[in-house]
Amino acid sequence: MVDIKSIRMGLKIDLDGELFVVNEFQHVSPGNKRAFVRAKIKNMKTGQVLEKTFRHGDPIREPDFEEKEMQYLYKDETGYHFMDSATYEQTFLNADQLGDQKKFIKENMEVKILYHNGQLIDIRLPFFAELEITETEPGFKGDTASGGSKPATLETGAVIQVPIFINVGDRVKVDTRSGEYMERVK
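Residues numbered from 1 in each chain as written. Predicted model: local features only at pLDDT ≥ 70, side-chain atom pairs only at ≥ 80, totals over all residues. Heavy atoms only, no water.

It is worth spelling out the sheet that holds strand β1 (residues 12-15) at this point. A sheet is described by the order of its strands in space; here 4 strands give the open sequence β1-β2-β3-β4, paired in antiparallel fashion. On the outer flanks of this sheet lie β1 and β4 (49-55), each paired with one strand and no other. The sheet shows a mean angle of 45° between the axes of neighbouring strands, direction not considered. Sheet analysis places strand β2 (residues 18-28) next to strand β3 (residues 36-43), joined by 8 bridges and oriented antiparallel. Residue pairing in the sheet places His-27 in a bridge with Val-37 of β3. (Pairing = 2+ DSSP bridges. Helix = DSSP H or I, 4+ residues; strand = E, 2+ residues; numbered from the N terminus. Axes fitted to C-alpha atoms, helices over the stretch in contact; angles between N-to-C directions.)

Below you can see the structure in the form of structure tokens.
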């Protein structure tokens, strides 16, 4: 059971046998009344978004997950292929199952895949990925980190904003959760 104080973005909960993930939440403490949490939750199977109010004492259950460490192998016309690091079993995911995370995944990356009742429900990339810049406008002498930003294409095809001094061939650290540039890797 989860207390309403523990509700946060990305929390997965089991409501009446359905799996949901918390997309937005707001803790509310009205004057002399009991606090509650107003949340937008998304059904992990259907994609339906609901608004739900959780009060102190409401039964909020975290589902039982099986988490597997897997290595991303390659992408072909059928989708993305992963291998279980322990059993060497291979799993296939399509682009819809990966969602926006496919923009930051590269070969040999270690990921965690979550299963619930034998069914794949989520994939978790490492929080940060080091990727190479394949296309961007050239930087010029005198450009500084605080001098603005420009779009750059990563080796995975994702386009992010980077400082002006970043050039083609540079490796950068990217936050896979937000898609933001963190730093240049030497």
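More follows now that the structure is in view.
All right, on to the sheet that holds strand β6 (residues 79-84) then. One open sheet holds the 5 strands; their spatial order is β7-β6-β5-β8-β9, and the pairing between them is antiparallel. Sheet topology places β7 (90-93) and β9 (119-124) at the edges, where each strand pairs with a single neighbour. If you compare each strand with its neighbour and ignore which way they point, the axes differ by 40° on average.

This next bit is on the pattern of salt bridges. This structure, assessed with the given rule, holds 7 salt bridges. When the shortest N-O distance is used, the salt bridge between Glu-67 and Arg-124 registers 3.6 Å. One end of the pair, Glu-67, is in strand β5 (residues 66-76); the other, Arg-124, is in strand β9, with 57 residues separating them in the sequence. Judged by relative accessible area, which is 43%, Glu-67 ranks as partly exposed. For Arg-124, a relative accessible area of 37% translates into the label partly exposed. Among the ionic pairs, Arg-184 bridges to Asp-170, the shortest N-O distance being 3.6 Å. You can see Arg-184 sitting in strand β14 (residues 180-185) and its partner Asp-170 sitting in the loop between β12 (159-163) and β13 (171-175), a full 14 residues away along the chain. Judged by relative accessible area, Asp-170 falls into the buried class, the value being 17%. (Salt bridge = Lys/Arg side-chain N within 4 Å of Asp/Glu carboxyl O. Buried < 20%, exposed > 50% of the residue type's maximum accessible area, 1.4 Å probe, protein only.)

Vacant regions in the atomic arrangement are exposed by a probe of water-molecule size rolled over the atoms. Here the largest pocket is characterised by a volume of approximately 1,400 Å³. Broken down by secondary-structure element, the contributors of at least two residues to the lining of the largest pocket are β2, β3, β5, α1 (95-98), β8 (110-116) and β9. Sort the elements by how many residues they give to the lining of the largest pocket and β9 lands first, with 6 residues. When its residues are assigned to classes, the lining of the largest pocket shows 15 nonpolar, 12 polar and 15 charged. (1 Å grid on protein atoms, 1.4 Å probe; cavity = no way out; pocket = protein on both sides within 12 Å on 5 of 7 lines; lining within 4 Å. Points joined across faces, edges and corners; volume = space filled by probe spheres on them. Nonpolar A, V, L, I, M, F, W, Y, C, P; charged D, E, K, R; others polar.)

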